[in-house]
Amino acid sequence: MKIAIGLGENKNVLEAVKKFPYDIKIARTNEELVEYMNDPSIDGTIRGSLESNIIKTIRETHPHIFRASILEIDGHKFMLTPVGIDECDTVNAKKTIIRECSRIVKNSGHDPRIALISGGRKQDKGRSPKIDKSIDECEEVVHELEDDMDIKHYYILIEEAIRDHRNIIVAPDGITGNIIFRSLVLVGGVKSYGAITLKHDKLFIDTSRSQSVEGYSNSIRLLANIIEAQK
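Counting of residues starts from 1 at the beginning of each chain's written sequence and follows it residue by residue. This being a predicted model, a pLDDT of at least 70 is required before a residue's local features are given, and a value of 80 or more before pairs of side-chain atoms are given or counted; all residues contribute to the totals for chains, interfaces and linings. Side-chain measures here rest on the full set of heavy atoms in the structure, leaving out hydrogens and waters.

**Looking at helix 8 (residues 213–230)**
Here's step 1: With 18 residues, helix 8 should reach 26 Å at 1.5 Å per residue; the first-to-last C-alpha distance of 26 Å fits that figure.
Here's step 2: Among the residues making up helix 8, those that are buried are G215, Y216, S217, N218, S219, I220, L222, L223, A224, I226 and I227. Runs of H or I in DSSP of at least four residues are treated as helices and runs of E of at least two as strands, each being numbered from the N terminus. Residue count minus one, scaled by 1.5 Å, sets the expected span of a helix. Throughout, exposure labels follow a simple rule: accessible area from a 1.4 Å probe, protein chains only, divided by the maximum for the residue type, with under 20% read as buried, over 50% as exposed, and the rest as partly exposed.

**Quick word on the sheet that holds strand 10 (residues 204–206)**
Here's step 1: For two strands to pair, DSSP has to find at least two bridges joining them. Pairing within the open sheet is mixed, and its 10 strands lie in the order 2-1-3-10-9-4-5-8-6-7. With one partner strand each, in any of the chains shown, strand 2 (23–27) and strand 7 (150–153) form the two edges of the open sheet. Shown here is a sheet whose adjacent strand axes are inclined to one another by a mean of 25 degrees, direction ignored.
Here's step 2: Here strand 5 (residues 76–81) pairs with strand 8 (residues 168–170) via three bridges, running parallel. The partner of M79 across the bridge, within strand 8, is I168. Axis definition: a line fit to C-alpha positions, over the contact stretch in the case of helices; interaxial angles, taken between N-to-C directions, run 0 to 180 degrees.

**Some remarks on the environment of K199**
Here's step 1: Secondary-structure assignment places K199 in the loop between strand 9 (191–198) and strand 10.
Here's step 2: Spatially, the C-alpha atoms of K199 and A224 are 19 Å apart, while their sequence positions differ by 25 residues.
Here's step 3: With residues up to four places along the chain from it excluded, the contact list for K199 reads H62, H64, I65, F66, T96 and E100. The contact rule is simple, with two residues in contact once any of their heavy atoms fall within 4.5 Å.

What follows is the structure, given as structure tokens:
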């Protein structure tokens, strides 16, 4: 198994790499990591602690990618999406994200259980156009997909979605999803395995440049498990 991981200013990456017996290459620039990504001998790549503009570089050839973070709370793993600040700006994008995440969950041997999160409770409609739009979009998505999927609109009550063991949690937009991720992982200490990049023909795990040794280790472990499952 050959993996490549990016190394920026956060040297926790190097400590994480030492924990694994795999052939792990270190990329010190975005350009190096993209070269590894396009190298057929490399099974998968991880952003590590490189700057976030690596995503912009990838989008030059794959403009429609998005990310779903794999998180774990009290033994319950779930996908949180979208987590890129420029992702999921339309209802159609949200439906695409749900379908792609559902495919990943099914491939892992589980039934997708989807939670949509919006900007307020049901009774909050009318308080602002932004809240109304967020709620209306989720209700539209549920109406279109509920016949084929286990999908529920939790409004702003993300804590109930997690308590109900929903395994796909869809934030209102990428900015909100990114804030949820940072609050849970970088402040609250929730376990993170990195973010799978979907709608991409190469295996790539996105990670925060601020992660701990354990966080980068979890991402390497996740990538290795995906590679093994595909063989």
